[in-house]
Amino acid sequence: MNAFSRRDTCPALSAPMQTGDGLLVRLNPVAGGIAAKSLIGLGESALRHGNGIMEVTARGSLQIRGLTAGSARLLAAEVDALGIAVRSGVPVEIGPLAGIDPKEIADPRPLAERIRTAIEEAGLTERLGPKVSVIVDGGGQLSLDAVTADVRLKAVRTGEDVRWDVSVAGDARSARPLSTVNADAARDIAVAALRMVAEKGREAHTRDLTERQLNSLASWHSVAPLSVLPDISPSGGENGSSRAGSPLSALEIGESHGDKTISPLEGEMSGRTERGASRKPIGLFPLAGDTFTLGIGLPFGSMPAQPLIDLANQAASLDATEIRLAPGRALLFLGLSPSACTSLRDTADTLGFVTSAADRRTRIAACPGTPACASGRIATRAIAETIAKQSADLLDTSLTLHISGCAKGCAHPGTAALTVVGDENGAGLVVDGTAKALPAAYRPGYDAARGVAGIAAAIHDARHQGETAAACLARLGAAGIAELYRRN
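Conventions and cut-offs
Residues numbered from 1 in each chain as written. Predicted model: local features only at pLDDT ≥ 70, side-chain atom pairs only at ≥ 80, totals over all residues. Heavy atoms only, no water. Pairing = 2+ DSSP bridges. Helix = DSSP H or I, 4+ residues; strand = E, 2+ residues; numbered from the N terminus. Contact = heavy atoms within 4.5 Å. Axes fitted to C-alpha atoms, helices over the stretch in contact; angles between N-to-C directions. Salt bridge = Lys/Arg side-chain N within 4 Å of Asp/Glu carboxyl O. Buried < 20%, exposed > 50% of the residue type's maximum accessible area, 1.4 Å probe, protein only. Disulfide = S-S within 2.5 Å. Core = buried A, V, L, I, M, F, W, Y, C linked by side-chain atoms within 4.5 Å. pLDDT = per-residue confidence, 0-100. Parallel < 35°, antiparallel > 145°, perpendicular 65-115°, else oblique. Left-handed = near helix turned anticlockwise from the far one by under 90°. Nonpolar A, V, L, I, M, F, W, Y, C, P; charged D, E, K, R; others polar. Polar contact = N/O pair within 3.5 Å; in protein donor to acceptor, adjacent residues only side chain to side chain.

Colleague: Just give me the short version of the sheet that holds strand β15 (residues 330–336), but keep the residues and values in it.
Modeller: Taken together, 5 strands build an open sheet; the order of strands is β3-β14-β15-β12-β11 and the sheet is antiparallel. Both outer strands of the open sheet, β3 (33–34) and β11 (283–286), are each paired with one neighbouring strand and no more. As paired strands, β3 and strand β14 (residues 322–326) are joined by 2 bridges and run antiparallel to one another. Counterpart to I34 in the pairing with β14 is I323. Here helix α8 (residues 338–351) sits on the sheet and contacts β11, β12 (292–297) and β15; the angle it forms with β12, its principal contact strand, is near 10 degrees.

What follows is the structure, given as structure tokens:
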């Protein structure tokens, strides 16, 4: 077992990370999914060797918490005995239904594997930081649009052909587009971008590339073998374009919309969203033939191991063929009949899982907090559960509410419309910021949910017809929101 990893590294099975509640390990199965009996075995290991808390992260990794140095070694041995191969190296991520989704534009697995191989052959694994990542998204029912990455490749249709949109530094909304190219050029551009990042050091990301380097990548359509691709320095950034010729013009992306009838069961459980937004991985997703995938979420990304064991036992009895981890803190149960989906969903409801994409708990990001995490100052999960039940007017799709046990902000590192954060003064409120920001108002930790309920009540009273919660908050202003939280 290696030395414990730093807080800003990735806690792989061989390098557990120290957290407030002990060591944490993160697993990413190589094959994308595991058998129900393997999830049962992992849950039993978590009970034996950790504090019994298991998580699925926003990026779709499985985490086991509360380990010690000795128990982490025992856990690693048991994972090996279960036959679960876990991925290492630079993450090249694909969608949770990759290769089996009848609606995907292209199977992303071959291109992803070619990129992994090219990264290894170029010697980049040890030169890149632990949080550098690549996404290869084949499209389909569950996209990776909400997941950030250094390099993004997404399949698009151009007439009868398939091309790949290449962009860098962000999620689907914020990433910078480079070009739309074939698979060979997409691979070359991805690896060239990572080489540029590696030249800047292990703390670098594609957001640190210069304008000249980005322009070079955008105009690079070389399909030369990887062994002869230039190693572009951060200062030059023009090597690729000497081979490339003029940039491709923007390609029109054709998209067809079928009129297939949605079954009552699929409509009820689908978690479908309006205006083309990405679907949450919760609900029913049709596969080939007459089988379905059922997505079930973990409330706030976390559950005790025993309910997960019970759910996996039920899935095994219903002949689920595989369980896949999904970005968005969910599990996908594959190969089920419609009646089996209904039965498994009922079991998940009883056990406290999230079975509807409209569940208000999906609007809240919350870390374990107290008593699970020694760093936590407030009972985040209890606060989040109370808010989900009592503050419906706040929890529409326009914003994220973040409940953080301390200023680390593990559950939601980015900016949130409202963040409740625990510190020595109680439960602070940050408006339009991160958990690291200075709170504008405080309440006792046990009473934080009541302060948020005051904000929700004000939104109910002040909201204009058709106005989102986020827009109403902006109109109320940060000072007004802080005062609402502080009252009573």
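Colleague: Kindly report on the sheet that holds strand β1 (residues 17–19), identifying the contributing residues and their values.
Modeller: The strands making up a sheet associate through hydrogen bonds between their backbones, and the pairing can be parallel or antiparallel. Spatially, β1-β2-β5-β4-β13 is the arrangement adopted by the 5 strands of the open sheet, whose pairing is antiparallel. Bordering the open sheet on either side are β1 and β13 (302–304), each of which pairs with just one other strand. Ignoring which end each strand starts from, the neighbouring axes of this sheet average 30 degrees apart. Inspection of the sheet shows strand β4 (residues 53–56) paired to β13 by 3 bridges, in the antiparallel sense. Note on β13: the bridge partner recorded for E55 is S302.

Colleague: An account of the pattern of salt bridges is requested, with residue identities and associated values reported.
Modeller: Evaluated as defined, the whole model comprises 20 salt bridges. Across the salt bridge formed by E113 and R116, the nearest N and O atoms sit 3.1 Å from each other. Of this pair, E113 and R116 both sit in helix α3 (residues 109–121), 3 residues apart, which is roughly one turn of the helix. Residue classification places E113 among the partly exposed positions, given a relative accessible area of 42%.

Colleague: Break down the state of the cysteines for me, citing the residues and quoting the values.
Modeller: Considering all chains together, one arrives at 0 disulfides under this definition. Not part of a disulfide, C373 finds its nearest cysteine sulfur in C406, a span of 6.2 Å. Judged by relative accessible area, C373 falls into the buried class, the value being 13%. The thiol sulfur of C406 is not disulfide-bonded, and the nearest other cysteine sulfur, from C410, lies at 5.7 Å.

Colleague: Before we move on, could you go through the pairing of β14 and cite the residues and values that matter?
Modeller: Burial runs high along β14: 5 of the 5 residues are buried. Of the two faces of β14, the one holding E322, R324 and A326 and the one holding I323 and L325 are both buried throughout. Pairing between β14 and β15: 5 bridges, direction antiparallel. For I323, the partnering residue across the bridge sits in β15 and is F333.

Colleague: Please give an account of the nonpolar core that cites residues and values.
Modeller: Core analysis: the biggest nonpolar cluster contains 43 residues, and L42, M54, L331 and F333 have the highest contact counts within it. Sort the elements by how many residues they give to this core and helix α7 (residues 305–317) lands first, with 6 residues. Residues contacting L42, with those up to four places away along its chain left out, are L27, I34, M54, L62, I64, V79, L82 and I84.

Colleague: Run through the confidence of the model for the protein chain, naming residues and quoting values.
Modeller: Overall, the predicted model of the protein chain reaches an average pLDDT of 84, with 85% of residues at or above 70. No element of the protein chain has a lower mean pLDDT than helix α6 (residues 264–269), which averages 35, and none a higher one than α7, which averages 97. When the criterion is pLDDT under 50, residues 1–9 qualifies, and its contacts beyond four places in sequence or with other chains add up to 32 contacts. Note that pLDDT drops below 50 for residues 222–277; the model gives that stretch 98 contacts with residues more than four away or on any other chain.

Colleague: Requested: an account of the packing of helix α4 (residues 183–200) against helix α5 (residues 211–218), with residues and values cited.
Modeller: As a packed pair, α4 and α5 sit with axes 10 Å apart at the nearest point and diverge in direction by 160 degrees. Taken together, the axes of α4 and α5 lie roughly antiparallel to each other. Between α4 and α5 lies a crossing whose hand is right-handed. Packed against α4, whose contacting residues are I189, A192, A193, M196 and K200, the element α5 presents Q213, S216 and L217 at the interface. A breakdown of the residues in the contact of α4 with α5 according to their chemical character gives 5 nonpolar, 2 polar and 1 charged.

Colleague: I'd like to hear about unusual backbone geometry, residue by residue, with values.
Modeller: Residue P371 is bonded to the preceding T370 through a cis peptide linkage, with omega at 0 degrees. Of note, P371 is situated in the loop between β16 (364–366) and α9 (380–390). The phi angle at A169 is positive, at roughly 65 degrees, despite the residue not being glycine. Position of A169 relative to the elements: it lies in strand β9 (residues 161–170). A relative accessible area of 27% places A169 in the partly exposed class. One non-glycine residue, D319, lies in positive phi territory at about 70 degrees. By the element assignment, D319 lies in the loop between α7 and β14.

Colleague: I'd like to hear about the environment of S133, residue by residue, with values.
Modeller: Counting through the fold element by element, S133 comes out in the loop between α3 and β7 (134–137). For S133, a relative accessible area of 4% gives the class buried. Sequence separation of S133 and E93 is 40 residues, and the distance between their C-alpha atoms is 7.6 Å. Residue contacts for S133: discarding those within four places in its chain leaves R59, P91, E93, T148, A149, D150 and V151. Engagement of the side chain of S133 in a polar contact is seen with the side chain of R59, the distance being 3.2 Å.

Colleague: Kindly report on the environment of G477, identifying the contributing residues and their values.
Modeller: Counting through the fold element by element, G477 comes out in the loop between α11 (469–476) and α12 (478–486). Owing to a relative accessible area of 22%, G477 belongs among the partly exposed residues under this scheme. For the pair G477 and V431, spaced 46 residues apart in sequence, the C-alpha separation works out to 9.0 Å.

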